[in-house]
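Residues per chain are reported as follows:
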Amino acid sequence: MTLSDLLRDVRMSFAPAPQPSFGNLDNATSMALTAAILQAVPFLWMVSILGVDDPHAPRFDPLKPTLRSGRKAQARFMVPAKPSKRAHQYEEMDSSVIWTWQQLAQMLEGLDQRQANTLLEELALAAFGDDLIRVGFHGQSAAVNTDPVANPNGEDVMMGWPALAMAADPEGLRVLRDAVTFSTSGKGDFADLDSMVYALIEKLPEAYRQDPRLVVMVGGDLLRAHQKAHLKAGQVRDKTQRMKIADLGFVSHQHMPSTYLAITLVENLQVLTVNHTHRLTAGDIDDLASWGIRYNRAQSYALGEPTAYAAPLPPRSNPMQQTSTLHAVPTAPAATRASRLDEHVALFQSEHSKLMELDQEILTLREQRKNLMAQIPSAKARREELRQGRINQLMGGMVSLEAAREYRELTELLDDANAAATLSECQEKRLALPLYQTQLAVNSAQSMVAGCYESYLDHKLAPAILPNLKQQLAELAALTCAKGCIIGMEGARRWALNELGSALKEAMSGEQVALEGDSPAARKALLTSTRPQCADLLALCDSPGKRQCLQRELEE
């Protein structure tokens with residue numbers, strides 16, 4: 001059997017037999033493909049891989065851990081679920097394995113069709129699954145064009161789990177920020193992974209600290225340094241004596257950063273894929289004189305419960321020299337908190353300034369195009385007038401050279417005007433993706449300001465105000481108890497809350513008192529609109545498919 005025959009009849013175990021060229025996959029085949037990737041890369045069995053029907057619909061976080069059972073006299077004991085909603089940013093993910101014909105000839109020599117199918121499928125699925133893990137642990141952003149040379153681990157493909165955890169914790173309460181030293185010699189802040197992980201556990205919400213599903217996720221260099229220092233030579237671990245870190249099981253993988261450390265629930269790591277976007281192709285790649293298998297889909301990474309993830313700031317250097325903060329107190333000092341709020345406000349102002357500059361550039365293009373197009377009708381009318389005049393002159397045997405010159409100049413001007421308008425529209429389209437990405441950055445920065453400002457109010461300003469207020473409520477509490485003898489304590493509490501609410505409403509509608517220690521810049525940032533005047537241009541790239549189509553159009 002020739003190489004061409006083998007490749008023409010390639011089949012995959014998860015795809016229907018009569019589908020030689022694959023293409024858009026139905027739901028059943030998409031699920032089978034996902035299952036095959038999981039089978040090829042066992043680590044993915046621990047990750048939650050989920051399909052999403054509507055990429056624009058927000059997903060609900062899990063129920064918050066709290067008591068939900070009890071009783072209440074003459075009433076039902078009820079605790080509202082209060083799940084939070086989070087929107088995810090889906091990006092086009094294009095995976096491929098490509099071989100030259102010479103490589104294929106060597107790989108498939110002597111194989112029959114079934115053996116060739118199995119080999120090609122195993123190689124492709126392992127590559128696709130490995131990239132899911134690699135990008136999940138290394139991804140920092142979603143660039144328009146991926147640069148595999150500058151970012152060999154997919155740092156610019158899309159945001160992975162560590163980056164998402166960091167963005168969800170702008171205060172650095174769980175994903176910590178300040179550098180510390182890890183040294184097995186005992187000269188650093190931590191000499192072993194056990195003490196590091198115990199410190200991280202204290203950063204988790206109390207409801208998760210005893211969760212039996214917690215695991216330590218650790219990179220290879222950190223793990224080897226710990227084992228070398230703390231395991232005796234020749235020490236053996238069988239299935240019942242497996243090494244643990246801080247009494248927790250651990251997971252390590254070659255695609256984790258070498259100095260990575262985090263504690264979470266493994267199923268908390270999610271890969272979200274938009275249903276009906278799976279496309280698989282296998283065939284010649286003529287421009288490369290090669291043959292390959294390509295898999296395209298709209299995808300995003302997510303954390304099921306962001307608060308159930310604690311880690312140092314992902315280190316980027318040798319683990320013996322530095323990792324990230326683990327010895328901070330449970331909440332950052334007020335000065336640090338204020339400083340971080342200022343940093344987030346400055347970031348928002350910078351990103352918002354970029355957005356406004358892009359918006360103004362687009363508005364300028366539109367205004368110039370509008371002025372240009374406004375002059376075209378009169379120029380066309382004048383040209384038509386000249387054309388009719390020329391016809392009349394020719395019929396009368398007369399020719400005006402001046403009229404002919406004006407006609408020719410008007411024709412050239414109209415052609416130039418139409419070309420300029422077309423070029424202006426193209427320039428505007430080229431600004432659509434930068435405008436979209438900048439608005440995402442602005443929205444993200446504004447969210448970080450909101451989270452940090454809320455924490456600043458709760459931990460810095462509220463403690464200075466509420467204790468004094470509680471002392472002033474003593475007389476109201478006595479009055480409430482007195483009324484409770486008449487209408488019952490529950491009715492008296494409702495009366496007191498109503499009175500307090502009315503008083504607060506009246507105070508808020510009156511003259512505002514300056515809040516000492518407040519951040520007017522943060523308030524201004526939160527009240528600033530992040531919607532550009534040219535928001536209609538965002539419709540060109542508000543989905544992964546549209547962004548890909550626009551990019552292809554601009555490259556042509």
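Keep in mind that this is a model prediction, so the values were computed, not measured.

Basis of the calculations
- Residues numbered from 1 in each chain as written.
- Predicted model: local features only at pLDDT ≥ 70, side-chain atom pairs only at ≥ 80, totals over all residues.
- Heavy atoms only, no water.
- Helix = DSSP H or I, 4+ residues; strand = E, 2+ residues; numbered from the N terminus.
- Buried < 20%, exposed > 50% of the residue type's maximum accessible area, 1.4 Å probe, protein only.
- Areas by Shrake-Rupley, 256 points an atom, 1.4 Å probe, with all protein chains shown as cover.
- pLDDT = per-residue confidence, 0-100.
- Contact = heavy atoms within 4.5 Å.
- Phe/Tyr/Trp six-rings, centres within 6.5 Å; stacked < 30°, edge-to-face > 60°.

All right, on to the overall build of the chain then. Helices and strands together make up the secondary structure of the chain, namely 15 helices and 14 strands. Out of the 556 residues belonging to the chain, those deemed buried represent 39%. Carbon and sulfur atoms provide 54% of the accessible area of the chain, an area that totals close to 31,600 Å².

Residues with a pLDDT of 70 or more make up 88% of the chain, whose mean pLDDT is 81. The element-level mean pLDDT for the chain is lowest in strand E14 (residues 323-324), coming to 38, with strand E10 (residues 269-274) highest at 93. Every residue in residues 237-241 scores below 50 in pLDDT, and together they form four contacts with partners more than four places removed in sequence or on other chains. In this model residues 315-335 is a low-confidence stretch, pLDDT under 50, and it forms 56 contacts with partners more than four residues away in sequence or in other chains.

Tallying each qualifying case throughout the model produces six aromatic pairs. Look at Trp 99 and Trp 291: their rings are 6.4 Å apart centre to centre, the planes differ by 20°, and that puts the pair in the stacked class. One end of the pair, Trp 99, is in strand E5 (residues 91-100); the other, Trp 291, is in strand E12 (residues 290-303), and 192 residues separate them in sequence. Its relative accessible area of 2% is what places Trp 291 among the buried residues. Plain terms: the ring middles of Trp 161 and Tyr 301 are 5.2 Å apart, the flat faces sit at 90° to each other, and that makes the pair edge-to-face. With a gap of 140 residues between them, Trp 161 in helix H5 (residues 161-167) and Tyr 301 in strand E12 connect regions that are remote in the sequence. Assessed through its relative accessible area of 0%, Trp 161 is described here as buried. Judged by its relative accessible area of 2%, Tyr 301 falls in the buried class.

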